[in-house]
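Summary of the model geometry
Here is how the chains run, residue by residue.
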Amino acid sequence: MNMITPLAPTIIDGKAEAAALTQQVAAETLALRSQGVIPGLAVVLVGSDPASAIYVRSKVRKTEAAGMKSFSHTLPSETSEEELLTLIRQLNANPEVHGILVQLPLPAHINRDAVLDTISPDKDVDGFHTVNAGKLAVGRTNGLIPCTPAGCLILLKRVISSFAGLHAVIIGCSNIVGRPMGRLLLNEGCTVVMTHLKTRDVAAEARRADILVVAAGHAHLVRKDWVKPGAVVIDVGINRIDTPDGPKITGDVAFDEVAGHAAAITPVPGGVGPMTIACLLKNTLQAARALTDKEASS
C-alpha cells in the first residue's frame, strides 16, 4: 500500500486538522475582505430540534470567528414548504449571501429535495444540489463538494501518500456521505466498493479494504474482525449511547478494538466532525470567490 504505515497505530486528529484549515480559511477571508468582499453564509433552521439548534449555533459562531458574515434564520416547525422556498429565493438574490445551508432534517411536511434544488448551485455550500452532485459524479472539480466527504478525504491524505489502486470500501450509501465519498475516492484512483442494507456480506467486503469509510449510523457496527490489518479507517458515525457512567457519543466503529489493528483511525468525537464545519467555511470562501469573479466578468 502506498501509505505511511506507522510503528504504532495513528489516531487521526480531526480537531487539529480542522483548526489548521479554519486558520487558513480565516487568513484567506481577511485577504478577500481587503478587496471589499465579505464572504456571507446564511444558515436556515426549521423547527426546534435540540441537536440541530446546537449545531447551527456552532456554525454561526465559527463563521463569525473566521471573519465571515453570518445570516441566521430560525423558522417555526409549522413553516410551510412555500414559505421556506420563498426565503431561499430571497437569499439566492441577496448579493451579501455567498453560501446557503438549510439544516437537515426538515419537518416531514417539507420536501427536502425541492428545498435543496431551490438553493442556487453557486451558493450550495452543502454540495447537495443535483448540479454539484452531477459535477462530482463526472469528475469535474469546479463544483461545491459535500463537507463531510471533503473532510474525510483531507484526513485520509494525511496518512496516505498515493491512492492509486487502493481498495476502498464504504459502508453506507447516503447522498450526504457515502455516495459522494465513493466518487471522491474513485477520482483519486481507488477501486471503490459501496455497501448498503442489501449487501449480502458487508463484513467480507470490509475485510478487503485498504481504506474503510463507515457511515452507517449504527454504534460499534464494525469490529476488529471486520478490518484488514494495516487498513486506514474513517469513522463518520455519531451515535449517542447510554453507559453506566451516563450518555456517551461514540462512532460506528468499535474504536478500542480497531485502533490497535488498523494503521490509522479517526476517533469519535474529535475526528470527522470538526472537519465538516471547517469544510463548510472553505466552501463558503470558494463560493464567495466564484461569485465575485462571475460578477466581475459579467
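It should be noted that the structure appears before, not after, this text.
Residues numbered from 1 in each chain as written. Predicted model: local features only at pLDDT ≥ 70, side-chain atom pairs only at ≥ 80, totals over all residues. Heavy atoms only, no water.

Within a sheet, adjacent strands bond to each other through the backbone by hydrogen bonds, running parallel or antiparallel. Read across the open sheet, the six strands follow the order E1-E11-E8-E7-E5-E6; overall the sheet is parallel. Of all strands in the sheet, those with a lone pairing partner are strand E1 (10-11) and strand E6 (191-195), marking the two edges. Here strand E8 (residues 232-235) pairs with strand E11 (residues 264-265) via two bridges, running parallel. What sits directly across from Val 232, in E11, is Ala 264. Along the sheet, helix H7 (residues 178-187) contacts strand E5 (167-171), E6 and strand E7 (211-214); its crossing angle with E6, the most-contacted strand, is approximately 170°. (Pairing = 2+ DSSP bridges. Helix = DSSP H or I, 4+ residues; strand = E, 2+ residues; numbered from the N terminus. Contact = heavy atoms within 4.5 Å. Axes fitted to C-alpha atoms, helices over the stretch in contact; angles between N-to-C directions.)

By secondary structure assignment, the location of Asp 122 is in the loop between helix H4 (112-118) and helix H5 (130-137). Residue class for Asp 122 comes out partly exposed when judged on its relative accessible area of 34%. For the pair Asp 122 and Gly 99, spaced 23 residues apart in sequence, the C-alpha to C-alpha distance is 7.9 Å. Not counting the four nearest positions on each side in its chain, Asp 122 is found in contact with His 98, Leu 144, Ala 287, Leu 291 and Lys 294. (Buried < 20%, exposed > 50% of the residue type's maximum accessible area, 1.4 Å probe, protein only.)

With that out of the way, let us pick up the environment of Arg 207. In this fold, Arg 207 is placed in the loop between helix H8 (202-206) and E7. Overall, the relative accessible area of 37% leaves Arg 207 in the partly exposed class. Remark: the alpha-carbon pair of Arg 207 and Ala 231, spanning 24 residues in sequence, is separated by 9.1 Å. A distance of 2.6 Å separates a polar atom in the side chain of Arg 207 from the backbone oxygen of Asp 225. (Polar contact = N/O pair within 3.5 Å; in protein donor to acceptor, adjacent residues only side chain to side chain.)

On to the side chain of Thr 148, then. Position of Thr 148 relative to the elements: it lies in helix H6 (residues 147-157). In terms of polar contacts, Thr 148 uses its side chain to reach the side chain of Thr 276, at 2.9 Å. In contact with Thr 148, not counting residues within four places along its chain, are Val 177, Val 236, Val 272 and Thr 276.

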